[in-house]
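Topology and contacts: notes
For reference, the chains in residue letters:
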Amino acid sequence: MEITCTRAQADHQQLLNCKNILERMDDNFQDMTKLLSIAGSEVRLKILFLLNMEDELCPCDIADILEMSVPAISQHIRKIKDAGFISSRRDGQTLYYSLVKDKTAVLDAVFTTIKMVKKTA
């Protein structure tokens, strides 16, 4: 099915306003695209969920919880960290990871939905 559009007259002010809004929000769209790309992996979404739930965890903890190897978890953590959504702190030889709150606030709605599903199941 082909979609066609016929209009008698364009609302040029409306079009200009929409373009300006999109331009001003470009950084937000870029951040959201990165976040959705990262969260598109079930393992990475679970890591984000766990970090949201526990504030901070080390890769060994995450590996134990998800029943995966530490190197596999580390690869996922690296992708999330490279995208700027988690930060780390060192305590001796152990690295602890936590969410960068202002970057992942949008996930709160997703996490709430996940929690609600668990409660009703």
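Below is a short write-up of the structure. Quick caveat: nothing in here was measured; it's all calculated off a predicted structure.

Points about the nonpolar core
Generally speaking, soluble globular proteins have nonpolar side chains that are buried together. Counting residues in hydrophobic clusters, the biggest one holds 22 residues, and the most contacted among them are Ile47, Leu48, Leu51, Ile62, Ile73, Ile80 and Ile86. A total of 5 residues in this core trace back to one element, the largest contributor, which is helix α3 (residues 42–54).

A word on a negative patch on the surface
A surface patch of like charges, here negative, comprises Glu54, Asp55, Asp61 and Asp64. In this structure, Asp61 sits in helix α4 (residues 59–66). Residue class for Asp61 comes out partly exposed when judged on its relative accessible area of 32%.

Some remarks on the packing of α3 against helix α5 (residues 70–82)
Packing of α3 against α5 brings their axes to within 10 Å, and their N-to-C directions diverge by 75°. Between α3 and α5, the angle is such that the two are roughly perpendicular. From α3, Val43, Arg44, Ile47 and Leu48 reach across to α5, where they touch Ile73, His76, Lys79 and Ile80. Tallied by class, the residues present in the contact of α3 with α5 amount to 5 nonpolar, 1 polar and 2 charged.

A word on unusual backbone geometry
Positive phi, normally seen in glycine, also occurs at Asp55, with a value near 75°. Counting through the fold element by element, Asp55 comes out in the loop between α3 and β1 (56–57). Even without glycine at this site, Glu67 takes up a positive phi of about 55°. On the secondary structure map, Glu67 appears in the loop between α4 and α5.

Details of the pairing of strand β3 (residues 94–99)
Relative to β3, β1 runs antiparallel, the two sharing 2 bridges. Bridge pairing in β3 places Leu57 opposite Tyr97. Pairing of strand β2 (residues 86–91) with β3, which is carried by 6 bridges, proceeds in the antiparallel orientation. For Arg89, the partnering residue across the bridge sits in β3 and is Tyr96. The antiparallel hairpin formed by β2 and β3 contains 2 residues in its connecting segment, where Gly92 sits at a positive phi of about 70°.

Regarding the sheet that holds β3
The sheet built from 3 strands is open, its strands ordered β1-β3-β2 with antiparallel pairing. Edge positions in the sheet fall to β1 and β2, since each of these pairs with one other strand and no more.

About the cut-offs
- By convention here, each chain's residues receive numbers from 1 onward along its written sequence.
- Residue-level local features of this predicted model are given only where pLDDT is at least 70; pairs of side-chain atoms are given and counted only at 80 or more, and the full residue set underlies all totals for whole chains, interfaces and linings.
- Hydrogen atoms and water are omitted, and side-chain values are computed over all heavy atoms in the structure.
- Buried residues of nine kinds, namely Ala, Val, Leu, Ile, Met, Phe, Trp, Tyr and Cys, make up a nonpolar core once their side-chain atoms join them within 4.5 Å.
- Here's how the labels work: a residue is buried when its accessible area is under 20% of the maximum for its type, exposed when over 50%, partly exposed in between, all with a 1.4 Å probe on protein chains only.
- Elements are defined by DSSP. Helices are runs of H or I of four residues or more, strands are runs of E of two residues or more, and each kind is numbered from the N terminus.
- Surface patches are defined over residues having more than 30% relative accessible area and no salt bridge, joining like charges when they lie within 9 Å and nonpolar side chains (Val, Leu, Ile, Met, Phe, Trp, Tyr) when within 5 Å.
- Surface accessibility follows the Shrake-Rupley procedure with a 1.4 Å probe radius. Residue values consider only the protein chains on display as shielding.
- We define a salt bridge as a contact between a side-chain nitrogen of Lys or Arg and a carboxyl oxygen of Asp or Glu at a distance within 4 Å.
- Positive residues here are Lys and Arg, negative ones are Asp and Glu, while His and the chain termini are left out of the count.
- To locate a charge, the coordinates of NZ of Lys, CZ of Arg, CG of Asp or CD of Glu are taken.
- In this analysis an axis means a line fitted to C-alpha atoms, helices contributing only their contacting stretch, and an angle means the value between N-to-C directions, from 0 to 180 degrees.
- Should an angle fall under 35 degrees it is called roughly parallel, over 145 degrees roughly antiparallel, and 65 to 115 degrees roughly perpendicular, with every other angle called oblique.
- Contacts are residue-level and defined by heavy atoms, with any inter-residue pair within 4.5 Å sufficient.
- For this scheme, ten residues count as nonpolar: Ala, Val, Leu, Ile, Met, Phe, Trp, Tyr, Cys and Pro. Four count as charged, namely Asp, Glu, Lys and Arg, and the remainder, Gly too, count as polar.
- A pair of strands counts as paired when DSSP detects no fewer than two bridges linking them.

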